[in-house]
Amino acid sequence: MIFKQLFEQDSSTYTYLLACEHTGECVLIDPVIDTVERDLAVLQELGLKLTYTLETHMHADHLTGARKLRAYTGSKIVVPAMDKLACADLGVEENRVFRVGQLELHPLFTPGHTGHHHAYLLDNGMQKVLFSGDALLIEACGRTDFQSGDPATLYQSITEKFFTLPNETLVYPAHDYEGRQITTIGQEKNRNPRLGNNTSQEAFIAIMNGLNLPYPRKIDFAVPGNEACGECPSDVPEQYRGPCEITQLPQELSRPGKAGDQG
């Protein structure tokens, strides 16, 4: 397996590149429109051609790069099936394995941050790896005050779906705001200040209801844009419109990747 953890600074979003070395098929989990050209350069460097983009949920803090990447590469847009997005090519759901070449991702329906949130579990035979989206972060968790969020539901998702995984399971979240890159299930069970040390559901709900977080600055255009798989609405402020344009790629990025030609 080829693996890359990529970071978009403005929204502190992690995008994950997973590729099957046998077939050359690859997926980008939670791509961001602002870093599409960066992602294409990484794919070119690794000799890969993008097969899929895969979303954990409908993001409120950035526009997805899924539509733009599809325009450039022909990749298929994959989202949780329950989102019922007409712009998507495929839908995933719990108990149905999503395959990327010989890699198997197991979708986990983990609502609470949003009503349709999914995480993805990879088991390569040696180490379980969880791509937790916004549901579980490093010593934190996703907010629950919009997009059908609910703290009781998030508590159940984390304790029943995540905290039942082996302690050594690696956890790669969709965001971190303090420069951290990875955690484990065991660490979160012990150290997470909102959920660790067997925090009760009642205490967790009180914590989440008392956060008083600021209104996301991109939510008004990010959510409707992401409902269209990353199409920029007309009301995107001028300072954020640059990445919306689909232009001629530099020649070195328009050539097909070597590994992708094998699949």
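This structure is a prediction, so every number in the text was calculated from the model and none was measured.

Some words on the pattern of salt bridges
Side-chain pairs of opposite charge can arise whenever the charged atoms involved come near each other. Counting across every chain of the model gives 15 salt bridges. As a salt-bridge pair, Arg67 and Glu231 come within 3.9 Å of each other at their nearest N and O atoms. Of the two residues, Arg67 is situated in helix H2 (residues 66–73) and Glu231 in the loop between helix H6 (219–227) and helix H7 (251–254); the sequence distance between them amounts to 164 residues. Residue Glu231 is classed as partly exposed on the basis of its relative accessible area of 44%. Across the pair Glu139 and Arg191 runs a salt bridge whose closest N-O atoms are separated by 2.7 Å. Taken together, the positions of Glu139 in the loop between strand S11 (136–137) and strand S12 (140–141) and Arg191 in helix H4 (residues 185–191) put the pair 52 residues apart, joining distant regions of the chain. What makes Glu139 partly exposed here is its relative accessible area of 21%. For Arg191, a relative accessible area of 52% translates into the label exposed. What emerges from the salt-bridge pattern is a single network uniting Glu139, Asp176, Glu178, Arg180 and Arg191.

Looking at the state of the cysteines
The final tally for this structure, using the stated rule, is 2 disulfides. Taking only the cysteines that form disulfides and numbering them from first to last, the protein has the pattern 1-2, 3-4. Cys26 forms no disulfide, and the closest cysteine sulfur to it belongs to Cys20, at a distance of 10 Å. By relative accessible area, Cys26 is classed as buried at 0%.

Describing the UniProt feature "domain: Metallo-beta-lactamase" (unreviewed entry) in the protein
The sites that UniProt annotates as "domain: Metallo-beta-lactamase" (unreviewed entry) are residues 12–175. Within the segment residues 12–175, helix and strand shares are 19% and 32% respectively, and the terminal C-alpha atoms sit 6 Å apart.

Topic: the packing of aromatic side chains
Applying the stated criterion across every chain, the model contains 11 aromatic pairs. Taking the centre distance of 5.5 Å and the plane angle of 65 degrees together, the rings of Tyr16 and Tyr172 count as edge-to-face. Of this pair, Tyr16 sits in strand S2 (residues 13–19) while Tyr172 sits in strand S13 (residues 170–173), placing them 156 residues apart in sequence. For the pair formed by Tyr16 and Tyr172, the shared burial category is buried. With a centroid separation of 5.7 Å and 35 degrees between ring planes, the pair formed by Phe221 and Tyr240 is classed as tilted. Placement of Phe221 in helix H6 and of Tyr240 in the loop between H6 and H7 is noted, with a sequence separation of 19 residues between them. Through a chain of ring-to-ring contacts, three or more aromatic side chains come together here, namely Phe3, Phe7, Tyr14, Tyr16, Phe131 and Tyr172. The ring centre of Tyr240 lies 4.7 Å from the NZ or CZ of Lys218, which sits over that ring.

Remarks on the sheet that holds strand S9 (residues 118–123)
Here 6 strands make up an open sheet; going across it, the order is S7-S8-S9-S10-S13-S14 and the pairing mixed. Edge strands, defined here as strands with exactly one partner in the open sheet, are strand S7 (98–100) and strand S14 (183–184).

Calculation rules
- Residues numbered from 1 in each chain as written.
- Predicted model: local features only at pLDDT ≥ 70, side-chain atom pairs only at ≥ 80, totals over all residues.
- Heavy atoms only, no water.
- Salt bridge = Lys/Arg side-chain N within 4 Å of Asp/Glu carboxyl O.
- Helix = DSSP H or I, 4+ residues; strand = E, 2+ residues; numbered from the N terminus.
- Buried < 20%, exposed > 50% of the residue type's maximum accessible area, 1.4 Å probe, protein only.
- Disulfide = S-S within 2.5 Å.
- UniProt positions renumbered as here; feature names shortened; annotations may be inferred.
- Phe/Tyr/Trp six-rings, centres within 6.5 Å; stacked < 30°, edge-to-face > 60°.
- Lys NZ or Arg CZ within 6 Å of the ring centre and 35° of its normal.
- Pairing = 2+ DSSP bridges.

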